[in-house]
Amino acid sequence: MQERLRPLIAGNWKMNGTSAALEQIARLKTLLGEAGNIDSDVLVCPPATLLERASQRAQGSALRIGGQDCHANPSGAHTGDVSASMLLDAGASHVIVGHSERRADHGETSETVRAKAAAALAAGLVPIICVGETEAERLAGTANQVVGEQVKFSLPETFGETPIIVAYEPVWAIGTGRTPTIDDIAQMHAHMRQLLVARFGKAGEAALLLYGGSVKPSNAEEILRTPNVNGALVGGASLLADDFFSIIVAA
Ligand SMILES: O=C(CO)COP(=O)(O)O
């Protein structure tokens, strides 16, 4: 395990993009090439239909490609699902698991998410494990407890040599243009760090804690400067390469 991992700026395209969107991958590759030294790792998670072509387009650059979800089983009778090894085979290095949209739309529990993260690790992918409270939970004052339990139950027992990556995405900040205060982000990330260090020791100290939810070129610098924020998981603002690149530069 490396002592210090580079920050990670990850884009989640969600269910957006057909072939034409591959131009954004090409544009991002150009921007990254022109910029030269970038201090962060950069990842784009396109829909599964674009994954293989996106990874071909990204070749020869530092840009990495990831999946948005994977099944907990390595193969079998799971119509419509994609396994971690299929993502790897298509060129992915990472996979998002436990996004709140999947927890809400597909009834995924933290136990499901943990199984998916374990499947990703077994296949050789780096899981990005998402957690975050709803607005009602924040208003009720239970955000710490909810996120603490998600962290506790969504993470596998061991990550081996693979970096631990947890993305804190308050559900109410996703796609709304609203973000927590910097103090609230700092507080939650410190809370998660404490839990990870208590459980994983040095690997917890080195874990990458990403913030996600309405990250934009205009707020990225301030958010990314917050203690214990080691990167961002960006939705809407990752769809256009130029916007996403502004966030990468802010990091
Ligand atoms: O859900 C997100 C990334 O996974 C965040 O989405 P937005 O950046 O569009 O708020």
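Just so we're clear, the structure is a prediction, and the values are computed from it rather than from any experiment.

How each quantity is defined
- Residues numbered from 1 in each chain as written.
- Predicted model: local features only at pLDDT ≥ 70, side-chain atom pairs only at ≥ 80, totals over all residues.
- Heavy atoms only, no water.
- Helix = DSSP H or I, 4+ residues; strand = E, 2+ residues; numbered from the N terminus.
- Buried < 20%, exposed > 50% of the residue type's maximum accessible area, 1.4 Å probe, protein only.
- Near = heavy atom within 4 Å.
- Polar contact = N/O pair within 3.5 Å; in protein donor to acceptor, adjacent residues only side chain to side chain.
- Areas by Shrake-Rupley, 256 points an atom, 1.4 Å probe, with all protein chains shown as cover.
- Nonpolar A, V, L, I, M, F, W, Y, C, P; charged D, E, K, R; others polar.
- Expected span 1.5 Å × (residues − 1).
- Contact = heavy atoms within 4.5 Å.
- Salt bridge = Lys/Arg side-chain N within 4 Å of Asp/Glu carboxyl O.
- UniProt positions renumbered as here; feature names shortened; annotations may be inferred.

Participant: Help me understand the environment of Thr30 in this model?
Facilitator: By the secondary structure assignment, Thr30 is in helix α1 (residues 22–35). The class of Thr30 is partly exposed, set by a relative accessible area of 36%. When the C-alpha atoms of Thr30 and Ile96 are compared, they prove to be 25 Å apart, with 66 residues separating the residues in sequence.

Participant: Explain the site of the ligand to me, please; I cannot follow it from the model alone.
Facilitator: Around the ligand sit 13 residues, and of these Lys14, His99, Gly175, Ser214 and Gly236 come closest. At 2.6 Å, a backbone N or O of Gly175 approaches an oxygen atom of the ligand. Coverage of the ligand by the protein amounts to 96% of the 310 Å² it exposes when considered alone. Across the shell around the ligand, the residue classes tally to 4 nonpolar, 7 polar and 2 charged.

Participant: Quick question: what am I supposed to make of α1 here?
Facilitator: Every α-helix winds through 3.6 residues per turn, so residues three or four apart in the chain are directed the same way. For α1, spanning 14 residues, the distance from its first C-alpha to its last is 20 Å, which sits close to the expected 20 Å at 1.5 Å a residue. Regarding α1, the residues found buried are Leu22, Ile25, Leu28, Leu31 and Leu32. Each element contacted by the buried residues of α1 is listed here: β2 (41–45), α2 (48–58), β3 (64–67) and α11 (241–250). Positioned one or two residues after α1, Gly36 has a phi angle of 75°, which is positive.

Participant: Explanation requested: the pattern of salt bridges in the structure shown.
Facilitator: When the charged atoms of two side chains with opposite charge come close together, those side chains can pair. What the rule picks out here adds up to 12 salt bridges. We note a salt bridge from Lys116 to Asp69, for which the minimum N-O separation is 2.8 Å. Highlighted residues: Lys116 in helix α5 (residues 110–123) and Asp69 in the loop between β3 and α3 (84–89), separated in sequence by 47 residues. Each member of the pair Lys116 and Asp69 is classed as buried. With a closest N to O distance of 3.6 Å, Arg138 and Asp184 form a salt bridge. Placement of the pair is Arg138 in helix α6 (residues 135–139) and Asp184 in helix α8 (residues 182–200), with a sequence separation of 46 residues.

Participant: Honestly, the UniProt feature "binding site: substrate" (unreviewed entry) in the chain in this entry has me stumped. Any pointers?
Facilitator: As annotated in UniProt, the feature "binding site: substrate" (unreviewed entry) corresponds to Asn12, Trp13, Lys14, Gly175, Ser214, Gly235 and Gly236 in the numbering used here. A maximum C-alpha distance of 13.9 Å places the annotated residues, which cover 225 residues in sequence, within one compact spot. Checked against the element boundaries, Asn12 lands in strand β1 (residues 8–12). A relative accessible area of 5% means that Asn12 is categorised as buried. For Asn12, the residues in contact, after removing those within four places along its chain, are Cys45, Gln68, Ile96, His99, Leu233, Val234, Gly235 and Ser238. In terms of polar contacts, Asn12 uses its side chain to reach the backbone amide nitrogen of Lys14, at 2.9 Å. Position of Lys14 relative to the elements: it lies in the loop between β1 and α1.

Participant: Quick question: what am I supposed to make of unusual backbone geometry here?
Facilitator: Glycine aside, negative phi is the norm for most residues, and most peptide bonds take the trans geometry. Although it is not a glycine, Lys14 adopts a positive phi angle of roughly 55°. Its identity is not glycine, yet Ser214 carries a phi of approximately 55°, on the positive side.

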